[in-house]
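# Close look at the chain arrangement
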Number of protein chains: 4
Amino acid sequence: MQRENKSKLIARLNRIQGQVGGVTRMVDEDRYCIDILTQLQAVRAALAKVETELLREHIDHCVSAAFATGNAAEKRLKADELVAVLERSMR
Amino acid sequence: MQRENKSKLIARLNRIQGQVGGVTRMVDEDRYCIDILTQLQAVRAALAKVETELLREHIDHCVSAAFATGNAAEKRLKADELVAVLERSMR
Amino acid sequence: MQRENKSKLIARLNRIQGQVGGVTRMVDEDRYCIDILTQLQAVRAALAKVETELLREHIDHCVSAAFATGNAAEKRLKADELVAVLERSMR
Amino acid sequence: MQRENKSKLIARLNRIQGQVGGVTRMVDEDRYCIDILTQLQAVRAALAKVETELLREHIDHCVSAAFATGNAAEKRLKADELVAVLERSMR
């Protein structure tokens, strides 16, 4: 992964980790369920965005390289891995 | 798409279309909401499965071909299209 | 369900059934996978909207009635059913 | 929320926070994208489970109380809040 993209992803994950801590405090302070749920949905959306970024990286580099220069088995593997990840995301 | 996969997909979509008709009848007959919802979730899961199959086809053929023999712009386009579709699925 | 809401839901489901037929034709005519996938995602979003409408009806009427006048077992059942439906939606 | 359920939720959220930290390390160590994605999906599934637990609590207590003893406006508000949360989860 390029250094710049990597830094952005790590910054984003650190922010998400902080958000999870915030949700924990909300639970601890008996905040209203709906407010906690709204916050949890924001965290899940932020995680989904990280997944999309990683998928982009993966397609741009690993999949692209395997399809350009890999042998049939390597292409098969990359395609299957990608479909498996998408399948789980789509459920 | 290979003839066999195409027939399977069409059969699956026909079945889904029938399931949607079944849900419409359930609503018309004032069936219990939870039963209708359960049925709707089954339809959505069946549609997600069709999407996964199509994605597999797309990756195996279109993306694979672009990455193997396309120029940089074609690869860029295929990767961007794929990420855009996944992004919408993941939300 | 009120007559008006019921008519709207049925109209919406009929439209969705037509959309599924449209997707089937797209597959049959070998249209571009990404276009088919985009259409499938629209169908899934339309179904999710029907689910939300039904949930609203269910909460407004069945759950509301059980919680207002039902005994403990009826309340328990309504709450469990609702959570089970949501759990499946959230996956 | 009952003390026991609250402790469980907090323990679960602490675990999720640790998992996010683990994903950050995986990115930092340039681990394979697919492995990171798999881990991210596990975190998202764990968060969805927390949401379901909170929804259960919310339905069992807040919604249940409003529907049992609240006035029409309070019931309306609880139902609308619940549907709004579910709507966002379902997208």
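Refer to the preceding data block for the structure.
Attention here is on the structure that accompanies the text.

What counts, and at which threshold
Residues numbered from 1 in each chain as written. Chains lettered and ligands numbered in written order. Predicted model: local features only at pLDDT ≥ 70, side-chain atom pairs only at ≥ 80, totals over all residues. Heavy atoms only, no water. Helix = DSSP H or I, 4+ residues; strand = E, 2+ residues; numbered from the N terminus. Rg over C-alpha atoms; globule rule 2.2 N^0.38 Å. Contact = heavy atoms within 4.5 Å. Lys, Arg positive; Asp, Glu negative; His and termini not counted. Charge placed at Lys NZ, Arg CZ, Asp CG, Glu CD. Buried area = accessible area lost by both parts, 1.4 Å probe. Salt bridge = Lys/Arg side-chain N within 4 Å of Asp/Glu carboxyl O. Polar contact = N/O pair within 3.5 Å; in protein donor to acceptor, adjacent residues only side chain to side chain. Expected span 1.5 Å × (residues − 1). Buried < 20%, exposed > 50% of the residue type's maximum accessible area, 1.4 Å probe, protein only.

On to the overall build of chain A. Along chain A, the regular secondary structure elements total three helices and zero strands. Taking 2.2 N^0.38 as the reference for a compact globule, 91 residues should give roughly 12 Å; the C-alpha atoms of chain A span a radius of gyration of 18 Å, well beyond that estimate. Considering only C-alpha atoms, chain A reaches an extent of 55 × 30 × 15 Å along its principal axes. In chain A, of all internal contacts separated by at least 6 residues, the share reaching a separation of at least 24 is 51%. Positive and negative side-chain charges of chain A, numbering 15 and 13 respectively, have mean locations separated by a distance of 4 Å.

All right, on to the interface of chain D and chain A then. Interface size is often expressed as the accessible area that is lost when the parts come together. Counting residues at the interface gives 38 residues for chain D, matched by 38 residues for chain A. In total, about 3700 Å² of surface goes out of reach between chain D and chain A, with carbon and sulfur atoms giving 69% of it. Linking chain D with chain A are four salt bridges. Here Glu 51 of chain D and Arg 44 of chain A are joined by a salt bridge, their closest N and O atoms 2.7 Å apart. Where chain D touches chain A, the interface holds 17 residue pairs in polar contact (both at pLDDT 80 or more). Take the side of chain D that touches chain A: its biggest share by element is 17 residues, from helix α2 (residues 33-69) of chain D.

Here we take up helix α3 (residues 72-90) of chain B. Taking 1.5 Å of rise per residue, 19 residues should cover 27 Å, and α3 of chain B covers 27 Å from first to last C-alpha, within 8% of that figure. Turning to α3 of chain B, its buried residues are Lys 78, Ala 79, Glu 81, Leu 82, Val 83, Val 85, Leu 86, Ser 89 and Met 90 of chain B. Buried residues in α3 of chain B make contact with α2 (33-69) and α3 (72-90) of chain A, α2 (33-69) of chain B, α2 (33-69) of chain C together with α2 of chain D. For α3 of chain B, the N-terminal capping position is held by Asn 71 of chain B, with its side-chain oxygen 3.1 Å away from the main-chain nitrogen of Ala 73 of chain B.

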